[in-house]
Structure formats: structure tokens, C-alpha cells
Amino acid sequence: MIGPVVHAEGLKRSKKNSIVYVGEDKLIGEIVQIQGNKTIIQVYEKTSGLGIGEPIQDLNRPLSLKLGPGLLGNIIDGVQRQLKGSGYLFIEKGMSGNPLPIKKQWHFIPEYENIKEIEIGEKFAELKYNTIEVKSKDKLNGGEILGYVQETDAIKHYILNPPNRQGVIKEINEGKFTIEDPIGHYTDGNPIMLYHYWSVRIPRPFQQRVIDTQPFITGQRVLDFLYPIIDGGTAMIPGGFGTGKTILEQTLAKFSSAHIAILTLCGERGNEIADVLAEFKQLNDPLTGKPMSERSIIIANTSNMPVAAREASIYSGMTLAEYFRDMGYKVAVTADSTSRWAEALREVSVRLEEVPGEKGYPSYLPKLIGRFYERAGKVKAQSNRIGSVTVIGAVSPPGGDFSDPISQYTLRYANALWGLDVNLARQRHYPAINFEISFTQYLNEILAYWDKYPDIGGNWRESRKVIVKILKDEEEIEKIVRLIGKDTLTEPQLGTLAAAELIRDGFLRQSAFSDIDGYCPIKKTYEMALTLQMTYEWITSAIRSGHTTKEIFEKEKSIFERVNRMKELENLKQISEIRNIVAEKLEAYRKRKA
Amino acid sequence: MNTGLESVTYQTVERIQGPLLFLNNIKRVLFEEMINIEMSNGEIRQGQVLQADPNLTIIQVFEGTELIEKDSVKVTFSQDVFKLGVAEAMLGRTMNGRGLPIDGQGEILPEAFHEVTGNPINPAERIKPGDFIETGISSIDMLNSLVLGQKLPIFSGAGLPTKEVAAQIATQARIKNQEADFAVIFGAMGITERDGRFFQRSFENAKISNLIFFSNYASDSIIERLLIPRIAMTIAEYLAFEKGYHSLVILTDILNYAEALREVSAAREEFPGRLGYPGYLYTDLATIYERVGRIISKKGSVTLFPVLTMPNDDITHPVPDLTGYITEGQIFLDRNLFNMGYYPPINPLPSLSRLMNAGIGKGKTRADHREIADQLYAFYAKGVQLRQLVAIAGVDSLSDKDRRFLKFTDEFEQRFIHQGQVRRTIENSLDLSWELLRMIPKDELTRIKKSVVDHYY
Ligand SMILES: Nc1ncnc2c1ncn2[C@@H]1O[C@H](COP(=O)(O)OP(=O)(O)OP(=O)(O)O)[C@@H](O)[C@H]1O
Ligand SMILES: [Mg+2]
């Protein structure tokens, strides 16, 4: 027995990944290796005080989640013990905890809507209803919808036939049921339940992947404008400590265009969880107007909770996401931090005396990271509905240096990189996205999408080009300044610096704590960008007509001030007013030139 | 688990390496079990099981393995894990790395026994920290406020006045508007005799009765060094969650702690991570730091200042780096400020308290606190930038406005940062902030609401 790893002898016919109870305290463990007569177990709880010779009980089933109503608004640990209302102030060993509330009664209705999705630009989906009743003699395939319970005001929890279960319904009833009451029976006599189990390490099956692009709107300008991703996409957020990974992940969970947010807090801080819990109770999200807690689940394994459960928590989060995806929801999974998950793997691997790979991480780590991100995507589920899982993983590289193995492995599987920069964070520029290293591979798909909705995203292609160029030029000019000072710069260069400053401060910078600016609707983002694009043209025209940057900024101080503060405006009309003023100025120079 | 069995004694030590004993053929052993070790000269030492395996059981010896003879040493398994006797009466006492008094003032009767590894607070039972602690230091209280239940490390460098800052906080910290009592638990790990004398003297001079001092000197056992933070946190939790105290824990120096951990790891021949520190350093530090916080149903709280030296002033060194990844901000001691003769040399720019917002403002400190802090930060950042420009292009290129900023920056350092050992209340700090802000024309205070400027300017 060393730390989280226990060697057992004499277990008969044990299966790899089977769950066991270890010792008299019944600590939860999982079989990770079998060598001859020896079984090696990783224990999800603290092992101190566990003695040699204590008994082990093989439950003979893999680590699974109990999937059914009662998940939303809940907070569970990596092996689905409910932490809220558990009565435990401290996580004790042998702590019991039901995976789902057992007393609560749910009103089950054996019917569901046939959904047709219609895109309407920013709002994406309008639902069309045509109710289908589920009844006796219906033949059921795996993963089909049996009906629903209204779990929260915001979310209907569709009850799914287990993915690998087929059968014919003998009877199924509307009524009030607890999680352990059968809601009906199959013709083979087995009960139909509100829940089923699914093994966390196995991706849930679906019919096919769907390639039909919609943007995953984050409400963060720097992301939506510069590095957008698609619904069902993947992104990684590497960043040194304090650069804003957690705040960004939480902001995405709160404001993104997903229906459901799964926050996997893996090896991070207890106080952050308290913060999220408190905030989610009050915060009404812009989509549904309901508190966040109605459409989110938190998986909490703080850094001081047992490491093996931290390892499992990432898979638990993904499995929950797939489950809701299969009901037809868009689900966002955030994982904070995947580095802590990898470290947990390493810790267990070292105790298993496996041959270490790079930096001591097990050699199969890249494969596991790949498998994790590949579970993202938009699919046609077994239920015939279209659902998606979008994955955003934080990475915490040692010393903030992105050459570490976890960042590098993840780079190969995540399709967008939102790199956070220590220097920007130090300057209190949030989100501290670094322009040199960040990228998205979804650009063309999203450009094509907005081409279909010119009234919203019509100008994005153009203004993105202009703004990216200004930021690039600024970088070059800054290099010169660092070498020989500001004196030698030309007026156009000074103009570019001033415009870049305006873009960074007035546009890219966005406080997560601002009431108005915490979430920026996509249309507002594009409107602001267009205004900035025109402001830049105005500055360059003025300079071409012989004015100095200093003159322009001093003379038109109040206009620049207003441009800089567009983010504080809620009414888009006010932004277009500002743009009209800028346009007039620009027009004046154009005329003069003509 | 307590097996209820009689303890068993073995004489089968196979190997002694570093602070560890390696034993063969142990039939009954618990993970992290407490061990008694009897040497041939009658001396008794204590240890703890690191690896429980019948074929190879590893024990770390608290007092070290010096002079232990392999064949004659008797090892007794206690059938229980290491527990600390805790008591309110520990307040005011000085103790060693195992929680035993060394101040000659007699034994302490334990009120309870607690496992020193502790149990993680159920995150669902936590409340978000949000009550201001006044450390008496302006650059912390004004710009990087600490709240009850926060862990805020002090990043320092060799030769900087680290111990002075640590002692100043220990002796001057206060909480406002709280009924609960305040307790300071000071854990010194691997400190020099000289530092030890300094701390003793500081605490005596300050005449504080609410302080517990755990000391482990550079020449003391490294295993005890590993125990000190756990013991400190255990008593802090006991006082907080069972006796209703607000426990403020100061641990110095985490670098010494981490080096002790590295030494044990090397003796166990574990796979080394960055700079030889074990791969589980993050988790290990977290099991100390994460014990802070507040619990919904409890009155008290645990707050922590881990103090550490960054070797070569390198913030990417594993110890500050991993600490930063676990804690909630950092207070940064700066060599430049120190060289200019300023004390405490806290540089506000790289410092950050992540929980500050919840602890300040109306009803907590003062309504204008957040805005002043932002404004001071912005001006100081700008001033420092200007200084760099001056270094390249000379003073001549500066406008009057810029010159004013330079002047502000100098005064900010001389008067605000350079406060000395004096204790400043938050009101003193707020007033001083306004005094400095008045150096800049009213309409340039853009981070502060106009009504607030009109009121205080
Ligand atoms: N978008 C933002 N808006 C405003 N402030 C922010 C933002 N992002 C980060 N911050 C500030 O930076 C601090 C640190 O951010 P955060 O906790 O997200 O860092 P992190 O990258 O998760 O660090 P760690 O790796 O240590 O967990 C926050 O407490 C907050 O003060
Ligand atoms: Mg974080």
C-alpha cells in the first residue's frame, strides 16, 4: 500500500476497471492492473490507517455514473457522491453518498416533442413541436426517449432507454416517482427506471457525427471576434497561474450559447467552488433568464481531495455531458485543470511502477488526452435528436511555459488555442489572450456561417482582417520602440499604436465582473468592431492630410473617449450613433481628398 | 482503522537510508501508522509508515536516523495513525515540530486527538470568504486586501526582509467587527538560530497572548519539518471549527519544507520531477494550503500566509510556481524597492489578492476602497513605465503631466510603500491614499467616480 495504490491478493476472476470496496471502511477503489494472482487497485479515498490483510469486496462492475433526474444544480465528487446536503462537513474516508437524490419525487410524463431545428442567426434554434406519446407495445431501441420530467424550470430531463437496451414496452405510466420506483415494465418483465448506469470511461454511442456548423458563442469579444469556435468544438486554455483560466472557464459556463454547463473542477480550489455555487444560485443567464444552477452540474475534486478521484472526475464530467447531449442539448464541458488530471494519472502510474515517459508522465497519456477531446462533437444521438458537446480544457503549464508535455499533447487534439499571457494579466488586461500564439481552426466554417446572416455578421470578415493587421503592426512597432525609443516613429506608426491601444482597451479588454460587459452579444461585438475599423480609417485619413496623431487625439478627445467606452452601452443604437459621428469625420476627409 | 490489537515489535530493519528505515516481513501494518523506535542505548524515537507492504515497509523517523543501529533497533507498531493532542491552552506557547511544548512551561493537557493529515473540507459546505483582515500594512490592506479564509503567499528572495514582514503581520493583524477571537499560529520550518531568536523577541515584545509558535531549526529533523505545517493546520482547524476562533496561520519558509520533502523522496528512490522535487509536490502542498477556508455552519475560519523564498528570485521555480497555482494571489517582495531602502518592499504591480473584492467596500472597509485601489495601481503602473522611458530618452522628452506622474510615483514609494514597522489602520491607509492622489489634477482621476472624487479630493 503506497498512497492511493493498494496491492491485493487472492481476488478471484477480478476484471480490469471493476469497482471494489477496500478494507473495513469500504473505501471505493478501481482495479487498474492484474498481475497473476495480484490485483492492483487505485483507491478513490484517503488510505491512511488502512491495514494489511483487510478484506476487499469486488462489485464486479466498472466505474459508472447513475444517470437520471436530480443531477442539475448538484455538486458531486469524481465518483458521483453528492456533496451538497450530504451532511458531511469534511470529506471523510468511507463517506457514503447517494449518486442521486433518493427521496425526491419526479413527475414523469411518457411523451416528448419531435424537434426540428431552424437556424435563425444568433439564436440558432427555434423548436417545432409535434408531441409523441410513448406507450405500451412500443418497440424501443437503445437510447430512445421514454418521456421526460421537468427537472428544473429551465430544463426538461428526457428519460432515455439505456443505450445498449432494446425491448418492447409492456406498460409505462405517467405519475410521481422517486428514482427507485419503476415507471413501467418491458415485456420481458424487467422494470423501466428513470435512470440507467453508464461506464465513465466508455464514450456513449450515437448514430453519426453531424457536420453542420454553428458558432459556439462565448459572449467574450476577443474569442467571438478573433478566435471563435463551433458548437461541438474543442478549445484549450493554457496559462500560468493567475492568468485567468478559471474566470474564463466560469464565464463561458455562465454565458456561452450552450443549454447545459458541466463544470469539472479538477484539482483546484475549494473557495472557487463556494464562489461558483453562490453565484450560480443568483445569476440569471441571458438565454433562459433562469438561475445558472438550473442548468449546470459541478464536479468537484479540490486539490486536496484524493488524487485517484481527481483522475476519474474528467471522465465523469464527459459522461454527464454526453448524457445530456443524447437528449438533444448543447452541452459545454469545462475542465479546470486538465494538467491536474494528468498529474493524478502520473502519480498513480508512478505507484504502479510503470515505465515513465516524458517528464514522468505515463507513455499512454497523449492517447488519453486525444480520447478525451475526441468525445466532443455534434452528433445525431440514438434518440434521433441532435446534440453537442463542446469541450474547453484549461492547462496549467509549469512556470507558464507552454512547451510542457500536457500543453503539447493537448495542442494536437484541441482545435483552438486560447493562450493566456502572464504579462497581459500583470497589466490587468483581461481576458489575457495572447495574440501571437492563439489560433482557431474553425475560422473558415464560421466565416461561411456568418455569410448567411449578413445583418449580424456581414462585416466580420473585413473588420477582423483590419483589426488583426493593426495588432500585428503594433507588435512590430513595439519592437522598434523597445530598441530605440519612441522618437523615431513616423506619424502613421504613431497612429497605428494609438488605434491598437483603442482596440485593446476599448474592445478586447472585457471584465468578467462587469454587469453590462460581462457578456457581450455577438451583434454588439460586430457593431463595435465595425466602429473601430472606421475609427482607424478616420485616423489614417487625418494623418494623410497632414495632422499628427497627438493633434487628432487631443482635438477629438471626447469622440475617442466615447469609442473607448462603447462596451458600457447596452443599446446598440447608441453604438451606431457613435459610428455615425466617426463616419461623418471620415467622410469629411474623404471629400477633402477628392 | 484501529485494529484494537496489541502493538507488535519487530527487529527486522533491512536498510537505513536518509531519514528512512526499510523493514522486511511485517505482517500487520497500517498506512501512515505511528511507530515507536527503541535504540540499543534506550533512546526512544518516533516514526510513521510511508509504505505499507509486507515485503518492504518504509518508515520515516521524526528525529532522523542518526546513530540508529540496524540490527539492534526495535520497531514497535502502534496500530494507530499519528494523532496530535490539541488544546486551546496551546495559545501562548512555543512548541517543537511534533507539537510538544519546548518553552519549559509544563505540559499541555490535550482536549482531543486529531489526525494531522486532516480531512478536506467538503466544498459544498464552504462559504465564500469575504471578511476583511487588517494586516496593518498599507500595500496589503489597500491594494491586495486579505480576507478571512484566504491563502495568500508571500514571495520573497534571499536577503530580503522576509522574516520582518512575517513577524509584523503575525503581531499586527486584526479583524474588525468580528465577535470571534483571533489566534495566530506561526510555523517556522528549517529556520536559522538567528531567525528563531528574532521571532522569539518580536513575539515577546509584542506581548501577544494569542500566538502559538512552532519551531523547527535548520539543524533539526527534516521529518519534523514536514510535520510542522500539518500540525499548525490541525490546531488551526481545531481552534476555528471547534472553538470558534479566527485562526491566522503563517508558515515560513515553504522552500525549506519542499526541500525536506525532496530529500525524503530521494531516499525512497522515487522518480524525480522538476529540479528533483517529487511529482506530487503540487498535491502535497495542496493538502496543506487547501485546509484554509470557512464552513457555512461554523463561526471560525482558517487563513494562511505561506512565506517562501524564490531561489535566484525566480518565480518559475517549482515551489513559488506550484504555490501560485494553489493559493489565491501573491504578495511580492521586490529587490529593487529593498535596494532603494524601502520597507516593507512590497511591489503592488505583480502582487494580487484574488479574493479582495469580496472583503472591501461599504460596510467592510469604505465605499471608495476599490476605486482608490484601482487608481493608485494605474498611476503607479504608469509612473514605473514612464521611468523606463526616461531611462531611454531622458527627462527632457517629458511633458509636465508626465513629470507630475514621476513625482507621484516617487512619493508613493516613499510614503505609501515605505511604511516601516508602524501599524496603519485601513482608515489611515485610505486617507494617505487621498493625500497622494491630490498630487494629480482632479479630472485625471478617471478610475474614481466623480461624486467620490468631489467628496474626498
Ligand atoms: N476576465 C477577467 N475579468 C476580470 N478579472 C479577471 C479576469 N480573468 C482573471 N481576472 C483576475 O485574475 C485573477 C486570477 O484569475 P483566475 O483565478 O482565473 O486564474 P487562473 O489562471 O485560473 O489561475 P490558477 O492557475 O492559479 O488557478 C482573478 O481573481 C481576477 O482578479
Ligand atoms: Mg484557476
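Residues numbered from 1 in each chain as written. Chains lettered and ligands numbered in written order. Predicted model: local features only at pLDDT ≥ 70, side-chain atom pairs only at ≥ 80, totals over all residues. Heavy atoms only, no water.

**Re the overall build of chain A**
Cut-off, in case you're wondering: Counting from the N terminus, the helices are the DSSP runs of H or I reaching at least four residues and the strands are the DSSP runs of E reaching at least two. Radius of gyration here is computed from C-alpha atoms only, and the compact-globule reference equals 2.2 Å multiplied by the residue count raised to the power 0.38. We call two residues in contact when some of their heavy atoms are within 4.5 Å. In short, Shrake-Rupley with a 1.4 Å probe defines the accessible areas, and a residue's cover is counted only from the protein chains shown. In summary, the charge assignment counts Lys and Arg as positive and Asp and Glu as negative, without counting His or the chain termini. Where a charge sits is defined by one atom per residue type, namely NZ (Lys), CZ (Arg), CG (Asp) or CD (Glu).
Counting its secondary structure elements, chain A contains 16 helices and 31 strands. Its C-alpha radius of gyration of 27 Å places chain A within 12% of the 25 Å reference for a compact globule of 594 residues. Principal-axis analysis of the C-alpha atoms gives chain A an extent of 90 × 55 × 40 Å. Pairs at least 24 residues apart make up 71% of the contacts formed inside chain A by residues separated by at least 6 positions. Carbon and sulfur atoms make up 50% of the accessible area of chain A, which amounts to about 23500 Å² in all. In chain A, 77 side chains carry a positive charge and 75 a negative one; their mean positions are 2 Å apart.

**A look at the sheet that holds strand β8 (residues 106-109) of chain A**
Residue and element names in this part refer to chain A. Our working definition: The rule for pairing is simple: two strands pair if DSSP sees at least two bridges between them. Here an angle of 0 to 180 degrees is reported between the N-to-C directions of two axes, which are lines fitted to C-alpha atoms, with helices fitted over the stretch in contact.
Spatially, β15-β14-β8-β17 is the arrangement adopted by the four strands of the open sheet, whose pairing is antiparallel. Edge positions in the sheet fall to β15 (156-160) and β17 (175-177), since each has one partner strand and no second. Taking the axes of each pair of neighbouring strands and ignoring which way they run, one obtains an average angle of 40 degrees across the sheet. Across five bridges, the pairing between strand β14 (residues 145-150) and β15 is antiparallel. Residue Q150 lies in a different strand from β15, and its bridge partner there is K156.

**Observations concerning helix α4 (residues 222-243) of chain B**
All names here are of chain B. To keep things clear, this is the line we draw: Each helix should span, by expectation, one fewer than its residue count multiplied by 1.5 Å. The term bend refers to the angle at a residue between two fitted axes, each drawn through seven residues, those ending there and those starting there. Residues adjacent in sequence count toward polar contacts only when both atoms are side-chain atoms; beyond that, a polar contact is any pair of N or O atoms within 3.5 Å, and within protein one must be able to donate a hydrogen and the other to accept it.
In a regular helix each residue adds 1.5 Å, so 22 residues correspond to 32 Å; α4 covers 31 Å between its end C-alpha atoms and thus fits that length. The principal kink in α4, of about 30 degrees, is found at I228, preceding the proline P229 by one to four residues. Looking at where α4 begins, the residue whose side-chain oxygen comes 3.0 Å from the main-chain nitrogen of I223 is S221. G244 lies just past α4 and shows a positive phi near 80 degrees.

**Considerations on the confidence of the model for chain B**
Residues and elements named next belong to chain B. Applied cut-off: Each residue carries a pLDDT score, the predictor's own confidence in it, on a scale running from 0 to 100.
Summing up the model confidence of chain B, the mean pLDDT is 91 and the portion of residues at 70 or higher is 98%. By mean pLDDT, the top-scoring element of chain B is strand β13 (residues 154-156) (97), and the lowest-scoring one is strand β1 (residues 8-10) (85). Listed scores for the predicted complex are pTM 0.92 and ipTM 0.89.

**Quick look at the interface of chain B and chain A**
The cut-off we apply is this: Here the quantity called buried area is the total loss of accessible area, with a 1.4 Å probe, experienced by two parts when brought into contact, counted for both. In the sections that follow, a salt bridge refers to a side-chain nitrogen of Lys or Arg positioned within 4 Å of a carboxyl oxygen of Asp or Glu. Note on residue classes: Ala, Val, Leu, Ile, Met, Phe, Trp, Tyr, Cys and Pro are nonpolar, Asp, Glu, Lys and Arg are charged, and everything else, Gly too, is polar.
Across the contact, 69 residues belong to chain B and 65 residues belong to chain A. In this assembly, chain B packs against chain A so that about 5300 Å² is buried in total across both faces, 55% of it on carbon and sulfur atoms. Our enumeration of links across chain B and chain A arrives at three salt bridges. Note that K128 of chain B is salt-bridged to D275 of chain A, the shortest N-O span being 3.1 Å. In this structure, the connection of chain B to chain A is made through 34 residue pairs in polar contact (both at pLDDT 80 or more). Elements supplying a minimum of two residues to the side of chain B that touches chain A: β5 (44-51), α6 (281-289), α7 (318-326) and α10 (369-393) of chain B. No other element matches α7 of chain B, which puts five residues into the side of chain B that touches chain A. Considered class by class, the residues forming the side of chain B that touches chain A number 33 nonpolar, 17 polar and 19 charged.

**Digging into the domain arrangement of chain B**
Residue and element names in this part refer to chain B. What counts here: Note that domain bounds follow an automatic or database assignment of domains.
Considered domain by domain, chain B is made up of domain 1 (8-80), domain 2 (84-359) and domain 3 (369-456). Taking only C-alpha atoms into account, the centre of domain 1 sits 30 Å from that of domain 2. Counting residues at the interface gives 16 residues for domain 1, matched by 12 residues for domain 2. Summed over both partners, the interface of domain 1 with domain 2 comes to about 1100 Å²; 60% of that surface belongs to carbon and sulfur atoms. Our enumeration of links across domain 1 and domain 2 arrives at one salt bridge.

**Some details on unusual backbone geometry**
All names here are of chain A. Cis rather than trans, the peptide bond between D336 and S337 has omega equal to 5 degrees. Structurally, S337 can be placed in the loop between β27 (330-336) and α5 (338-351). The amide bond that connects Y430 to the next residue, P431, takes the cis arrangement and shows omega of -10 degrees. Its identity as a non-glycine residue notwithstanding, K137 has a phi of 80 degrees, on the positive side. Considering the arrangement of structural elements, one finds K137 in the loop between β12 (131-133) and β13 (139-140).

**Considerations on empty space enclosed by the protein**
Filter applied, for reference: Grid points spaced at 1 Å and placed over the protein atoms alone form the basis of the search, with a cavity being a set where a 1.4 Å probe fits but cannot get out and a pocket an open set showing protein on both sides within 12 Å along at least five of seven lines. Lining residues have an atom within 4 Å of a point. Grid points are joined across faces, edges and corners, and a volume is the space filled by probe spheres set on the points.
Counted according to the given criterion, the structure contains eight cavities of 30 Å³ or more. In this structure, the largest cavity occupies an estimated 930 Å³ of space. Counting only elements with at least two residues in the lining of the largest cavity, the list comes to α5 of chain A together with β5, α4, α5 (254-267) and α6 of chain B. Sort the elements by how many residues they give to the lining of the largest cavity and α4 of chain B lands first, with four residues. Here the lining of the largest cavity is composed, by residue class, of 18 nonpolar, 12 polar and nine charged.

**Brief notes about the site of ligand 1**
In plain terms, the rule: Whether a residue is near a molecule or strand is decided by its heavy atoms; if any one of them lies within 4 Å of it, the residue is near.
Taken together, 19 residues surround ligand 1, and among them G242, K245, T246, I247 and R269 of chain A come closest. Those residues lying near ligand 1 are distributed over chains A and B. Contact distances for ligand 1 include 3.0 Å between a nitrogen atom and a backbone N or O atom of A512 of chain A. One of the side-chain N or O atoms of R354 of chain B is found 2.9 Å from an oxygen atom in ligand 1. Within the complex, 93% of the 630 Å² of free accessible area of ligand 1 lies under protein. Only α2 (245-255) of chain A together with α7 of chain B provide two or more residues apiece to the shell around ligand 1. With three residues, α2 of chain A is the largest single contributor of residues to the shell around ligand 1. Among the residues forming the shell around ligand 1, the class breakdown is seven nonpolar, eight polar and four charged.

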